[in-house]
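Listed below, chain by chain, are the residues.
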Number of protein chains: 2
Amino acid sequence: MLKRIAIVEDEAAIRENYADVLRVQGYQVQTFANRESACKAFAISLPHLVILDIGLEQEYDGGFTLCQWLRNISTTLPIIFLTARDNDVDTVSGLRIGADDYLTKDISLPHLSARIAALFRRQEALKQPTAESSLLTLGPLTIDNQRMSIVWQQQSVDLTITEFWMVFALAKNPGHVKNRQQLMKDSNIYVDDSTITSHVKRIRKKFNQIDKDFNCIETVYGMGYRWNKDEK
Amino acid sequence: MLKRIAIVEDEAAIRENYADVLRVQGYQVQTFANRESACKAFAISLPHLVILDIGLEQEYDGGFTLCQWLRNISTTLPIIFLTARDNDVDTVSGLRIGADDYLTKDISLPHLSARIAALFRRQEALKQPTAESSLLTLGPLTIDNQRMSIVWQQQSVDLTITEFWMVFALAKNPGHVKNRQQLMKDSNIYVDDSTITSHVKRIRKKFNQIDKDFNCIETVYGMGYRWNKDEK
DNA sequence: AACAAATGTGGCAACAATGTGGCAATTACA
DNA sequence: TGTAATTGCCACATTGTTGCCACATTTGTT
């Protein structure tokens, strides 16, 4: 899938230079000289990544404003600031308002494209459903699919296979209620309802041996069970 | 929730300096001087973010090796390289093998923590979309089918299954009157008319405990009940 | 205003779902 | 082959939910 990158930068020379390089890398690039034209285009369709200059024509902080505006629309859109100013105040405030990266214009082009690739990589990696990635972290809970190991507060919990799958099924969608049928399916067992109760009992017991305040597996009367990440 | 950050850096002074600063920021920090000790700890439980130096004791490229090893385990774990070397080759190869950021040691500490916060922000933002799926929002009311939870004005309402289905049946078609028979059907119960009255009573009571002015469930004399979204 | 019908209220007993301990059957493993 | 671990299930205890009733109150009608 072709990635679209938008560059918002008022100096035409720089803008086109970057655009050309990125096009060669195989990206589809849109360029804008000011906030207004960028906004207009973004309102219709968002790109996959935005590169912003801070100062845009008349607007001294146009890039910041645009960044905030974009963050409002999408919390996930990767935003990179690319600017001549090299001072910490700008960097920190740029990152504060939701930028993902902050680079100065003296960086090399390979460096820039490496950063872009890293951002996309991260984006893709996190897009994978939790089931695929081998590691799932949920507060004090860490589940390693490949090794079938579960860790609670740095301590390994010694679960059996069935118990492991049940915890995994619950933790995969924290907060979502799973009824007994769904839990059976996710754990690859097909048993009596009461058996699910038994498994939950044993799982809780094992977690409680590590942390006596453990109560993340919440019973939802008449509905099933749910992993409650807010409780301790 | 407390975020855990691991720092792998062989120079004790630098290591502890960063660790202290991050601890003040409210992070839980683990420090390691070499690859071996870090690996050992990571095998048990991964932190939420790793800060790596490239050169580690004897190993000139220990950080790179460690980064690759970590990427194998988790594709999503945020990794930041923090190093004295300031050359593009290193930066680019660092990012290539899966680092998320590459910073030189001369950056200011506020800058570092801004970067860390930005990475965590991104992490959280991308985690969201999975959660938002089957939501029904009606002014101050939010119904989440998967979580089987009902929220009124930011506060969760603790309903039983039958009550949940009844609220759902009413809120599904706001303003539309449902008679007792329809409510029974929608809630998968078949009972006396008076029982529906009882359920409505209990539902109103629970909402009233949160908001004493609640009156969205309107009685339509002789007809049934209706969810009135205009009333408060 | 008087009346009947419909709805609201508090409470309680029946019931259903879940928790608990334990045991037998099965499986894994040395 | 014997032993330990795992698993499914049962009987019983405990808890939360539900349906309904008697009675109060409201509503609409004559």
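The structure displayed is predicted, hence computed values, not measured ones. (Residues numbered from 1 in each chain as written. Chains lettered and ligands numbered in written order. Predicted model: local features only at pLDDT ≥ 70, side-chain atom pairs only at ≥ 80, totals over all residues. Heavy atoms only, no water.)

(A) Here's a closer look at the state of the cysteines. Scanning the model with the defined rule gives zero disulfides over all chains in all. Cysteine B:Cys67 remains unbridged, with the sulfur of B:Cys39 as its closest cysteine sulfur at 12 Å. (Disulfide = S-S within 2.5 Å.)

(B) Inspection of the domain arrangement of chain A at higher detail. Partitioning chain A into structural domains gives domain 1 (2-124) and domain 2 (133-225). Averaged C-alpha coordinates put domain 1 of chain A and domain 2 of chain A at centres separated by 42 Å. (Domains from an automatic or database assignment.)

(C) Structural view of the interface of chain A and chain B. Taken together, the contacts link 43 residues of chain A with 43 residues of chain B. Across the chain A to chain B interface the summed buried area is about 3700 Å²; carbon plus sulfur atoms make up 52%. B:Arg121 is the salt-bridge partner of A:Asp100, the closest N and O atoms lying 3.0 Å from each other. Of all the secondary-structure elements, those providing two or more residues to the side of chain A that touches chain B are helix H4 (88-96), strand E5 (101-104), helix H5 (109-127) and strand E6 (135-138) of chain A. Looking at the side of chain A that touches chain B element by element, the count peaks at eleven residues for H5(A). (Contact = heavy atoms within 4.5 Å. Buried area = accessible area lost by both parts, 1.4 Å probe. Salt bridge = Lys/Arg side-chain N within 4 Å of Asp/Glu carboxyl O. Helix = DSSP H or I, 4+ residues; strand = E, 2+ residues; numbered from the N terminus.)

(D) Focus on the protein's contact with DNA strand C. Among the 20 residues in the neighbourhood of DNA strand C, the closest are listed as A:Thr219, A:Tyr225, B:Arg204, B:Thr219 and B:Tyr225. In the interface set of DNA strand C, defined as its atoms within 4 Å of the protein, sugar plus phosphate atoms amount to 55%. A:Gly222 is positioned with one of its backbone polar atoms (N or O) 3.2 Å from a phosphate oxygen of DNA strand C. Breaking the surface near DNA strand C down by element, the ones donating at least two residues are helix H8 (193-210) and strand E10 (217-220) of chain A together with helix H8 (193-210) and strand E10 (217-220) of chain B. When residues in the surface near DNA strand C are grouped by element, the largest group, four residues, is from H8(B). Split into classes, the residues belonging to the surface near DNA strand C amount to seven nonpolar, six polar and seven charged. (Near = heavy atom within 4 Å. Polar contact = N/O pair within 3.5 Å; in protein donor to acceptor, adjacent residues only side chain to side chain. Nonpolar A, V, L, I, M, F, W, Y, C, P; charged D, E, K, R; others polar.)

(E) Structural detail: the sheet that holds strand E4 (residues 79-83) of chain B. Residue and element names in this part refer to chain B. Across the sheet, five strands lie side by side as E2-E1-E3-E4-E5; this open sheet has parallel pairing. Looking along the sheet, the strands with just one partner apiece sit at the ends: strand E2 (28-32) and strand E5 (101-104). The mean inter-strand angle of the sheet, taken between neighbouring strand axes irrespective of direction, is 20 degrees. With five bridges joining them, strand E1 (residues 4-8) and E2 adopt parallel strand pairing. Each residue of the ladder has a partner; that of isoleucine 5, found in E2, is valine 29. With respect to the sheet, helix H2 (residues 35-44) is in contact with E1, E2 and strand E3 (49-52), its orientation differing from that of E2 by roughly 135 degrees. Against the sheet, helix H3 (residues 62-73) makes contact with E1, E3 and E4, and its axis sits at roughly 175 degrees relative to E4, the strand it touches most. (Pairing = 2+ DSSP bridges. Axes fitted to C-alpha atoms, helices over the stretch in contact; angles between N-to-C directions.)

(F) Seen up close, the sheet that holds strand E9 (residues 155-157) of chain B. All names here are of chain B. Sheet architecture is open: four strands sit in the order E6-E7-E8-E9, paired in antiparallel fashion. Unpaired on one side and paired on the other, strand E6 (135-138) and E9 mark the two borders of the sheet. Each adjacent strand pair in this sheet contributes to an overall mean axis angle of 25 degrees, direction not counted. Bridge analysis of E6 against strand E7 (residues 141-144) gives four bridges, and the strand direction is antiparallel.

(G) Representation of the pairing of strand E3 (residues 49-52) of chain A within the structure. Residue and element names in this part refer to chain A. A two-sided burial pattern is seen for E3, the buried positions comprising Leu49 and Ile51 on one face and Val50 and Leu52 on the other. Taken together, the four bridges between strand E1 (residues 4-8) and E3 define a ladder with parallel strand orientation. Paired with valine 8 across the strands is leucine 52, a residue of E3. The pairing of E3 with strand E4 (residues 79-83) spans three bridges and is classified as parallel. When the bridges of E4 are listed, isoleucine 51 appears paired with isoleucine 80. Considered for its hand, the β-α-β crossover made up of E3, helix H3 (residues 62-73) and E4 is right-handed. (Buried < 20%, exposed > 50% of the residue type's maximum accessible area, 1.4 Å probe, protein only. Right-handed = clockwise from strand over helix to strand, strands pointing away.)

(H) Expanded view of the protein's contact with DNA strand D. Taken together, 20 residues are adjacent to DNA strand D, and A:Thr160, A:Thr162, A:Asp192, B:Thr160 and B:Thr162 come closest. Sugar and phosphate atoms constitute 71% of the interface atoms of DNA strand D, taking the interface as everything within 4 Å of the protein. Note that a phosphate oxygen of DNA strand D is positioned 2.6 Å from one of the backbone N or O atoms of A:Asp192. For the surface near DNA strand D, the elements supplying multiple residues, two or more each, are H8 of chain A together with H8 of chain B. Among the residues forming the surface near DNA strand D, the class breakdown is six nonpolar, ten polar and four charged.

(I) Seen up close, the nonpolar core. Residues B:Leu141, B:Ile150, B:Phe207 and B:Trp227 are the most contacted members of the largest nonpolar core, which totals 30 residues. For this core, the elements supplying multiple residues, two or more each, are E7, strand E8 (149-152), helix H6 (161-172), helix H7 (180-186), H8 and strand E11 (224-227) of chain B. A per-element tally of this core places H6(B) first, with seven residues. Listed in part, the 27 residues of the second largest apolar core include A:Leu141, A:Trp152, A:Val167 and A:Leu183. (Core = buried A, V, L, I, M, F, W, Y, C linked by side-chain atoms within 4.5 Å.)

(J) Geometry of H6(B). With twelve residues, H6(B) should cover 16 Å at 1.5 Å per step; its first-to-last C-alpha distance of 16 Å lies within 8% of that length. Among all positions in H6(B), only B:Glu163, B:Phe164, B:Met166, B:Val167, B:Phe168, B:Ala169, B:Leu170 and B:Ala171 are buried. (Expected span 1.5 Å × (residues − 1).)

(K) Quick look at the packing of aromatic side chains. In this structure the tally under the stated criterion is 26 aromatic pairs over all chains. Ring plane angle 85 degrees and centroid distance 5.8 Å describe the contact between A:Trp152 and A:Phe207, whose orientation is recorded as edge-to-face. Taken together, the residues span a long stretch of sequence, with A:Trp152 in strand E8 (residues 149-152) and A:Phe207 in helix H8 at a distance of 55 residues. Given the relative accessible area of 1%, A:Trp152 is considered buried. When the centroid spacing of 5.8 Å and the interplanar angle of 85 degrees are considered together, the rings of B:Trp165 and B:Phe168 count as edge-to-face. Residue B:Trp165 and its partner B:Phe168 are both found in helix H6; the two are separated by three residues, about one turn of the helix. Residue B:Trp165 is classed as partly exposed on the basis of its relative accessible area, which comes to 25%. Pairwise contacts between aromatic rings join A:Trp152, A:Phe207, A:Phe214 and A:Trp227 into one cluster. (Phe/Tyr/Trp six-rings, centres within 6.5 Å; stacked < 30°, edge-to-face > 60°.)

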